[in-house]
Amino acid sequence: MTPPGGDDRIHASCHRHRLHARAILDAAIASVDGERIVDEQLQLCGSPQGEGALLRVGSSSTLLPSGRLLVVGAGKAAAPMAAAMERLFGSRIADGMVITKDGHGLPLQRIRVYEASHPVPDRRGLTATAELLRLVSAAGEDDLVVCLISGGASALMVQPAIGIELEQLQQTTEALLASGAPIDSVNAIRKHLSAVKGGRLAEVARPAELLTLMLSDVVGNELTAIGSGPTVPDPTSFADCLAVVESHGLHDRLPASVLEHLSRGARGEIQETPAPGSPVFERACSVVVGDNTRALTAAVAQASDLGYRPFVLTATLQGEARSVGRRLAAVGASCVGTDGAPICLLAGGETTVTLSGAGRGGRNQEAALAAAIHLEGTDAVTFVAVGTDGTDGPTDAAGAFADGTTVGRARARALDAADFLLDNDSYTFFDELGDLVRTGPTRTNVMDLQIVLVGAPSHG
């Protein structure tokens with residue numbers, strides 16, 4: 001992370017807030033480390049080499065197969081989750097592979113790790129997914145396939161439907177990400193342009209038993225939305241996809257082949273994704289092993305240790321990033337001067353940005369910029385918004401800090417905060433001030449965290 005206090009005009013209380021915010025963020029992110037979560041959530045009763053060993057995860061359990069144990073997966077946390085599987089099962093794993101984002105891989109012994117592009121898919125992801133499908137399709141009735149899914153899997157596990165080219169899928173992804181559409185709407189279209197998403201991977205895995213471990217990066221932990229639900233029933237339809245196209249004005253931004261594919265599907269000319277009740281899922285089980293709430297719980301504990309009274313506002317934060325930033329800043333400002341211990345307000349979720357400018361940034365940086373404008377001149381309040389995956393939009397930053405000094409410090413450098421917000425150029429703005437949060441790849445993803453600190457503890 002950028003060292004706090006890069007500008008000597010930042011007040012001493014803001015320096016302390018930034019150090020405390022870093023500690024709170026570190027605790028939250030550590031709590032949702034993929035390797036740690038799989039270690040904690042999976043319990044093996046009996047030897048992995050023997051017959052009749054029972055594997056428990058959450059409230060679900062399954063006998064280890066008499067046949068092969070195969071491990072596959074995709075997402076930003078795929079490598080550490082796979083590392084935990086290797087430690088638990090060792091040589092019992094007959095074969096395995098996972099696909100993760102560039103810079104998120106780890107050296108493993110039995111499970112191959114492939115890196116590919118995110119958030120826009122590339123040919124490396126296409127090649128790796130083809131190998132993954134070959135591996136899964138060879139599973140037999142006596143085999144167990146364990147699938148590890150985390151945020152980022154939608155872009156990394158890529159196999160276009162017949163008639164759709166990778167380049168057309170890339171163009172569609174870029175248009176969807178810039179549209180401001182919520183992630184469930186984006187994923188509905190992704191699923192209907194794919195041969196692996198929306199339950200299609202479960203279709204390929206039959207007749208093997210299939211256990212999916214999910215690290216949730218979606219509001220409400222909706223299984224169908226995590227990684228575009230490759231192993232779970234899909235309740236959406238081609239008609240739903242056309243409704244998204246219509247409501248977000250995407251007709252002129254999507255390739256003609258994509259629009260034709262969706263239209264043909266809506267007319268019943270292309271088979272729908274496997275729906276709830278399909279026999280495809282008779283031997284499939286999916287469990288969420290970690291989510292944003294777990295990160296917030298760790299943040300609460302750390303904030304309390306630092307002397308704050310923590311309050312979780314929500315774990316389902318949604319909406320336009322700039323509106324959310326203003327609202328959270330307003331709540332923080334309203335707490336200034338209240339009696340009692342310093343306050344830490346916490347929120348989790350995932351906002352959206354509807355692009356209208358030509359700048360560079362991400363939803364957390366945009367929220368922080370809007371918060372900075374609202375907080376101008378306010379003492380003892382600091383706002384920070386961060387993506388738990390360490391990446392915010394197409395930038396090398398996870399998010400940004402904002403406080404009552406931000407706009408004034410920018411003005412001293414001839415930077416107009418309102419102009420940068422209008423141009424969606426929050427990255428340039430905060431980079432100039434040294435106020436970006438840089439964590440590097442965290443190898444996890446449970447959406448975003450927003451922290452508002454009000455007042456300063458007497459210690460820490």
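As the structure is a computational prediction, the values presented were derived from the model and not from experiment.

**Student:** Which residues make up the side chain of Ser216, and what are the values?
**Tutor:** By the element assignment, Ser216 lies in the loop between strand E8 (209-215) and helix H9 (238-247). Within the local environment of Ser216, its side chain forms a polar contact with the side chain of Asn221, the two groups lying 2.7 Å apart. For Ser216, the contacting residues outside a window of four places in its chain are Asn221, Ile226, Val288, Gly290, Asp291, Asn445 and Val446.

**Student:** Before we move on, could you go through the environment of Gly404 and cite the residues and values that matter?
**Tutor:** Note that Gly404 resides in the loop between strand E13 (399-403) and helix H14 (406-412). On the basis of relative accessibility, which here comes to 13%, the residue Gly404 falls in the buried class. C-alpha separation for the pair Gly404 and Glu376, spaced 28 residues apart in sequence, amounts to 4.4 Å. If sequence neighbours within four positions are ignored, Gly404 has contacts with Leu375, Glu376, Gly377, Thr378 and Val381.

**Student:** For the layout of surface pockets, give the residues involved together with the corresponding values.
**Tutor:** In this model, the second largest pocket occupies a volume close to 190 Å³. Contributing to the lining of the second largest pocket are 14 residues, with Ala161, Ile162, Ser194, Ala195 and Arg200 lying nearest its centre. When the residues that make up the lining of the second largest pocket are grouped by side-chain class, the tally is 6 nonpolar, 6 polar and 2 charged.

**Student:** Tell me about the environment of Ala21, and please be specific about residues and values.
**Tutor:** By secondary structure assignment, the location of Ala21 is in helix H1 (residues 12-31). According to the relative accessible area criterion, Ala21 is buried, its value standing at 1%. Between the alpha carbons of Ala21 and Phe401 there is a distance of 9.3 Å; along the sequence they are 380 residues apart. Aside from chain neighbours lying at most four places away, what touches Ala21 is Val384, Phe401, Ile451 and Leu453.

**Student:** Quick rundown of the nonpolar core? Include the residues and the values.
**Tutor:** Within the largest apolar cluster, 49 residues are counted, with the highest numbers of intra-cluster contacts made by Ile24, Met85 and Leu213. With sequence-adjacent residues up to four places away left out, Ile24 is seen in contact with Ala299, Gln302, Ala303, Leu306, Cys344, Leu346, Ile451 and Leu453. The next biggest cluster of nonpolar side chains, apart from the first, holds 36 residues, and it includes Ala321, Leu345, Ala368 and Leu375.

**Student:** Can you break down the pairing of E8 residue by residue, with the values?
**Tutor:** The buried fraction of E8 amounts to 6 of the 7 residues, a majority that puts the element mostly inside the structure. Two elements, strand E7 (residues 144-150) and E8, share 7 bridges in a ladder whose sense is parallel. Bridge pairing in E8 places Leu144 opposite Glu209. Here 6 bridges tie E8 to strand E9 (residues 284-290), and the two strands are oriented parallel to one another. Considered in E9, the bridge of Met214 is made with Val288.

**Student:** If you had to explain the sheet that holds E13 to someone new, which residues and values would you point to?
**Tutor:** Pairing between sheet strands relies on hydrogen bonds along the backbone, with the strands arranged either parallel or antiparallel. What the 6 strands build is an open sheet, ordered E10-E11-E15-E12-E13-E14; its pairing is mixed. In the strand order of this sheet, the two ends are held by strand E10 (309-317) and strand E14 (436-437), each with one partner. As paired elements, strand E11 (residues 343-349) and strand E15 (residues 448-454) share 7 bridges and run antiparallel to each other. Each bridged residue has a counterpart across the sheet, and for Ala347 the counterpart in E15 is Gln450. Here H1 sits on the sheet in contact with E11, strand E12 (381-387), E13 and E15, set at roughly 145 degrees to E15. Contacting E12, E13, E14 and E15, helix H13 (residues 363-375) runs over the sheet at an angle of about 5 degrees to E13.

**Student:** Please give an account of the sheet that holds E9 that cites residues and values.
**Tutor:** In spatial order, the strands read E6-E5-E4-E7-E8-E9; together these 6 strands make up an open sheet with parallel pairing. Each of the sheet's edge strands pairs with one partner strand only, and the pair in question is strand E6 (112-116) and E9. Each strand axis lies, on average, 15 degrees off the axis of its neighbour in the sheet, ignoring direction. Sheet topology places strand E5 (residues 93-101) next to E6; 5 bridges connect them, and they run parallel. Directly across from Lys101, in E6, lies its bridge partner Ala116. This element, helix H4 (residues 123-137), spans strand E4 (69-74), E5, E6 and E7 of the sheet and lies at about 155 degrees to E5.

**Student:** Residues and numbers for helix H7 (residues 183-192), please.
**Tutor:** The element H7 is extensively covered by neighbouring structure, given that 8 of its 10 residues are classed as buried. Every buried residue of H7 is accounted for by Ser185, Val186, Asn187, Ala188, Ile189, Arg190, Lys191 and His192. Against helix H5 (153-156), helix H6 (166-178), H9 and helix H10 (256-266) lie the buried residues of H7.

Reading guide: rules and limits
- Residues numbered from 1 in each chain as written.
- Predicted model: local features only at pLDDT ≥ 70, side-chain atom pairs only at ≥ 80, totals over all residues.
- Heavy atoms only, no water.
- Helix = DSSP H or I, 4+ residues; strand = E, 2+ residues; numbered from the N terminus.
- Polar contact = N/O pair within 3.5 Å; in protein donor to acceptor, adjacent residues only side chain to side chain.
- Contact = heavy atoms within 4.5 Å.
- Buried < 20%, exposed > 50% of the residue type's maximum accessible area, 1.4 Å probe, protein only.
- 1 Å grid on protein atoms, 1.4 Å probe; cavity = no way out; pocket = protein on both sides within 12 Å on 5 of 7 lines; lining within 4 Å.
- Points joined across faces, edges and corners; volume = space filled by probe spheres on them.
- Nonpolar A, V, L, I, M, F, W, Y, C, P; charged D, E, K, R; others polar.
- Core = buried A, V, L, I, M, F, W, Y, C linked by side-chain atoms within 4.5 Å.
- Pairing = 2+ DSSP bridges.
- Axes fitted to C-alpha atoms, helices over the stretch in contact; angles between N-to-C directions.

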